[in-house]
Amino acid sequence: MIICINQVLSSTEIETIRATLDSESFVDGRTTAGRYARDVKQNQQLSSQSQAGSDVKGAIAQALQKHPLIQIAARPKTMRPVMISRYQAGMTYGSHVDNALMGNGSSIMRTDLSLTLFLSDPSSYKGGELVIESHQGEQDLKLDAGAAVLYPSSTLHRVEPVTEGVRFAAVTWIQSFIRDPNQREILFDLDTIRQTLFEQQGKSHEFDLLAKSISNLLRLWSDV
């Protein structure tokens, strides 16, 4: 299931973040790539030494964690620290799959979902589409600044070469309480119906039955 989520960040938040990033230092993105992805990764990442950059990543993480659609679509158990990438003209990230396990020691986690948050206006750069491969074919994504896409970490994906301008994006990975993607989609659909039912009818008997079923499915399927 691939879900596009609009306005995770407001235009004001994007302006503040971009003003910070434009004055920050970036390093070779290959330093954080896996063994095989390193050969196809040609981008830059925000230096971990930047305090202002750390504040930006913290603000983005907070926005992601409190977003209601991300909560019901991903059911986050653990989220990796946000990384911010920069693609200048000629940079790209070839076809790869994200590492199944990230972190180390007690902080190691399974990656169920990947998330890309777009930080650049799509009209400000050419190329740079996020391409996600699936059994239905390839899906090209170039969303508005402040919008995000949530997609399975198990998919092959790539970032097309940027030919003009600069593409900024924030990325992170999520381990879900619901390990099975089919179960996660069922819960997402049911929760969407529950919210619609509440908006239309308020707290009815039907709403309570649906809420009970969602809670019981969470008890049955949760990976805790």
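Residues numbered from 1 in each chain as written. Predicted model: local features only at pLDDT ≥ 70, side-chain atom pairs only at ≥ 80, totals over all residues. Heavy atoms only, no water.

Colleague: Just give me the short version of the nonpolar core, but keep the residues and values in it.
Modeller: Counting residues in hydrophobic clusters, the biggest one holds 31 residues, and the most contacted among them are Leu9, Leu21, Ile60, Leu64, Ile84, Leu117 and Leu119. Residue assignment for this core shows that the elements contributing at least two residues are strand S1 (3–5), helix H1 (11–21), helix H2 (51–66), helix H3 (68–74), strand S10 (113–118), strand S14 (148–152) and strand S17 (167–176). Among the elements that make up this core, the one with the highest residue count is H2 (five residues). Judged by nonpolar contacts, the second largest core, of 16 residues, contains Leu130, Ile132, Val149 and Tyr151. (Core = buried A, V, L, I, M, F, W, Y, C linked by side-chain atoms within 4.5 Å. Buried < 20%, exposed > 50% of the residue type's maximum accessible area, 1.4 Å probe, protein only. Helix = DSSP H or I, 4+ residues; strand = E, 2+ residues; numbered from the N terminus.)

Colleague: Got a sec to walk through the packing of helix H4 (residues 181–201) against helix H5 (residues 205–221)? Specific residues and values, please.
Modeller: Across the interface, H4 lies against H5 with an axial gap of 10 Å and an inter-helix angle of 160°. The angle between the axes of H4 and H5 places the two elements in the roughly antiparallel class. For the pair H4 and H5, the crossing hand works out as left-handed. Residue-level inspection shows Gln183, Ile186, Leu187, Leu190, Asp191, Ile193, Arg194, Leu197, Phe198 and Gln201 of H4 in contact with H5, the latter providing Glu206, Phe207, Leu210, Ala211, Ile214, Leu217, Leu218 and Trp221. Looking at the contact of H4 with H5 residue by residue, the class counts come to 13 nonpolar, two polar and three charged. (Axes fitted to C-alpha atoms, helices over the stretch in contact; angles between N-to-C directions. Parallel < 35°, antiparallel > 145°, perpendicular 65-115°, else oblique. Left-handed = near helix turned anticlockwise from the far one by under 90°. Contact = heavy atoms within 4.5 Å. Nonpolar A, V, L, I, M, F, W, Y, C, P; charged D, E, K, R; others polar.)

Colleague: Before we move on, can you summarise the packing of aromatic side chains with the specific residues and values?
Modeller: Scanning the entire structure with this criterion turns up two aromatic pairs. Ring geometry for Phe198 versus Phe207: centroids 5.3 Å apart, planes at 50°, classification tilted. On the basis of relative accessible area, Phe198 is assigned to the partly exposed category, the value being 44%. Seen from the ring of Tyr125, Lys142 lies directly overhead, with NZ or CZ sitting 4.4 Å from the centre. (Phe/Tyr/Trp six-rings, centres within 6.5 Å; stacked < 30°, edge-to-face > 60°. Lys NZ or Arg CZ within 6 Å of the ring centre and 35° of its normal.)

Colleague: Which residues make up the layout of surface pockets, and what values go with them?
Modeller: Considering only enclosed or pocket space, the largest pocket measures out at about 820 Å³ in volume. In terms of lining, the largest pocket is formed by 42 residues, of which the most central are Thr32, Lys41, Gln45, Met83 and Trp173. Here the residues of the lining of the largest pocket are counted per class, giving 21 nonpolar, 15 polar and six charged. (1 Å grid on protein atoms, 1.4 Å probe; cavity = no way out; pocket = protein on both sides within 12 Å on 5 of 7 lines; lining within 4 Å. Points joined across faces, edges and corners; volume = space filled by probe spheres on them.)

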